[in-house]
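Chain by chain, the residues:
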Amino acid sequence: MVYTREDFHARVGSVDKAQSRLVRRGYTTRIDKNGLIIAKPKKMRLRFPVKGILVMVLSFFCLKALMLSANGPDTYQDRLATLQNGTVVEAMGARVLGIDPATQFIADKIGPLFR
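Residues numbered from 1 in each chain as written. Predicted model: local features only at pLDDT ≥ 70, side-chain atom pairs only at ≥ 80, totals over all residues. Heavy atoms only, no water.

Caption draft 1: Up close: helix α5 (residues 101-110). Regarding α5, the residues found buried are T103, I106 and A107. The buried residues of α5 occupy an angular sector of 100 degrees when projected down its axis, which confines them to one face. When the buried face of α5 is taken as reference, the exposed residues oriented beyond 90 degrees from it are P101, F105 and K109. On the buried face of α5, the contacting elements are α2 (50-71). The backbone nitrogen of A102 has a side-chain oxygen 3.2 Å away, supplied by the residue at the start of α5, namely D100. (Buried < 20%, exposed > 50% of the residue type's maximum accessible area, 1.4 Å probe, protein only. Helix = DSSP H or I, 4+ residues; strand = E, 2+ residues; numbered from the N terminus. Arc of directions from axis to C-beta. Contact = heavy atoms within 4.5 Å. Polar contact = N/O pair within 3.5 Å; in protein donor to acceptor, adjacent residues only side chain to side chain.)

Caption draft 2: Molecular detail of the packing of α2 against α5. At their nearest, the axes of α2 and α5 sit 8 Å apart, and the two run at 60 degrees to each other. On the basis of the axis angle, α2 is oblique to α5. Taken as a pair, α2 and α5 cross one another with a handedness that is right-handed. Counting all contacts with α2, which are made through F61, C62, K64, A65, L66, L68 and S69, the residues of α5 involved are A102, T103, Q104, I106, A107 and I110. Its residues placed into classes, the contact of α2 with α5 shows nine nonpolar, three polar and one charged. (Axes fitted to C-alpha atoms, helices over the stretch in contact; angles between N-to-C directions. Parallel < 35°, antiparallel > 145°, perpendicular 65-115°, else oblique. Left-handed = near helix turned anticlockwise from the far one by under 90°. Nonpolar A, V, L, I, M, F, W, Y, C, P; charged D, E, K, R; others polar.)

Written as structure tokens, this is what we have:
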């Protein structure tokens, strides 16, 4: 077998690539039957940020409740009616910002802070 410089650089490149995967993703080790320690990169898996989305949804409801309790229900409904009569985007915003049971519950709890 004759090894050339290109073969050597190809082998070094594959070792570097494997090592960078180990460093980037982390690795797990195991010992095979000969006592050799083998490191394998962890598999990539997509993680869904459930906590972040829950915090965003809760923050959105708290913001709506804050606006409702600060302005009062009559003023808030008037502003939603103004939005409802606007463009398509404004109408969708009015629908999303409407008073729902969760918003009403949170507004009832934080309402005494503004009065």
